[in-house]
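What follows is each chain in one-letter form.
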Amino acid sequence: YGYLLGLAVLSPREGYPKVKMYAEKALSLNPTLAEAIGLLADLKFYYDWDVRGAEEYYKRAIELNPNLADNHMGYGWFFADQGKFAAAIAELRLARQLDPLSVVKTQQLAQIYLYAERYDSALTYVQRAAEIDSTFPNLSFTRCYIYLLTGSYSKAIEEAQKLISSGVVTHGLRNLAMAYALSGQTGKAQETLENLFKAI
């Protein structure tokens, strides 16, 4: 359920209650399970808006298992969402180092570089992620944003359409609407927004 939330397949209302239920069940069986504590850290930050509580949970999860890449990835996003990009990059680089064959970890590092406005590094890690699994839909998501932010709107439109055809409809429609709007195609942007509102 945590991954489905991350991929926007489930809405927060659908996913986080299930994450909480199953993580708490897991902790009732093993109170030191770092995987469950890391998921509860995500829940505290993104669903409960409890920044202090989330950081305590991330630190505890990493203390219990410093080699668990997912918790470093979660902690990295915790920093990134607060604009602390140096700390975010450090955590995502560590996550990728711990799990170098993970397309998710590599793509997420690219995404962090994107948000830090380090577009060349973002493209480098998108390419490295594609070498692991070129069919991973989030590669199109990241490429689309890079192209949007660097003014390559026709490439952004192409990547957004790939997202939609791969089943990541809401992100794809949102990105497609932005690409159309930024490229001056306001009619297509409006039509795409209407389709987005129908999809959510």
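A brief report on the enclosed structure follows. Quick caveat, the model's predicted, so the values are computed rather than measured. (Residues numbered from 1 in each chain as written. Predicted model: local features only at pLDDT ≥ 70, side-chain atom pairs only at ≥ 80, totals over all residues. Heavy atoms only, no water.)

### What to know about the environment of Lys-198
Our working rule: A run of DSSP states H or I qualifies as a helix once it reaches four residues; a run of E qualifies as a strand once it reaches two. Both are numbered from the N-terminal end.
Its place among the elements puts Lys-198 in helix α12 (residues 186–199). When the C-alpha atoms of Lys-198 and Pro-100 are compared, they prove to be 39 Å apart, with 98 residues separating the residues in sequence.

### So, the side chain of Gln-111
Worth spelling out the cut-off: Think of it in three bands: residues with accessible area under 20% of the maximum for their type are buried, residues over 50% are exposed, and the middle band is partly exposed, with areas taken using a 1.4 Å probe on protein chains only. As used in this structure description, the phrase polar contact means that two N or O atoms lie within 3.5 Å; if the pair is within protein, one of them must be able to donate a hydrogen and the other to accept it, and residues adjacent in sequence are counted only when both atoms belong to side chains. Any two residues whose heavy atoms approach within 4.5 Å are treated as being in contact.
Along the chain, Gln-111 falls in helix α7 (residues 103–115). Accessibility expressed as a relative area gives 2% for Gln-111, which makes it buried. Polar contacts involving the side chain of Gln-111 include one to the side chain of Thr-142, which spans 2.4 Å. Every residue in contact with Gln-111, bar those within four places of it in the chain, is listed here: Trp-77, Phe-141 and Thr-142.

### Description of the environment of Asp-120
Examined against the element boundaries, Asp-120 turns out to sit in helix α8 (residues 119–132). Taking the relative accessible area as the measure of exposure, Asp-120 reaches 64% and is therefore exposed. Distance from Asp-120 to Leu-43, taken between C-alpha atoms, is 32 Å for residues 77 residues apart in sequence.

### Focus: the packing of helix α6 (residues 85–98) against α7
In plain terms, the rule: In this analysis, axes come from line fits to C-alpha atoms, helices being fitted only over the stretch in contact, and the angle between any two N-to-C directions falls in the range 0 to 180 degrees. Any angle between 65 and 115 degrees counts as roughly perpendicular, while under 35 counts as roughly parallel, over 145 as roughly antiparallel, and the rest as oblique. The hand of a helix crossing depends on one turn: near helix anticlockwise from the far one by less than a right angle means left-handed, and clockwise means right-handed.
Two elements in contact, α6 and α7, have axes whose closest approach is 9 Å; the angle formed by their N-to-C orientations is 165°. As judged from the angle between their axes, α6 and α7 are roughly antiparallel. Relative to α7, α6 is oriented so that their crossing is left-handed. For the pair α6 and α7, contact is made by Phe-85, Ala-88, Ile-89, Leu-92, Arg-93, Ala-95 and Arg-96 and by Lys-105, Thr-106, Gln-108, Leu-109, Ile-112, Tyr-113 and Tyr-115, respectively.

In short, geometric facts, not functional conclusions.
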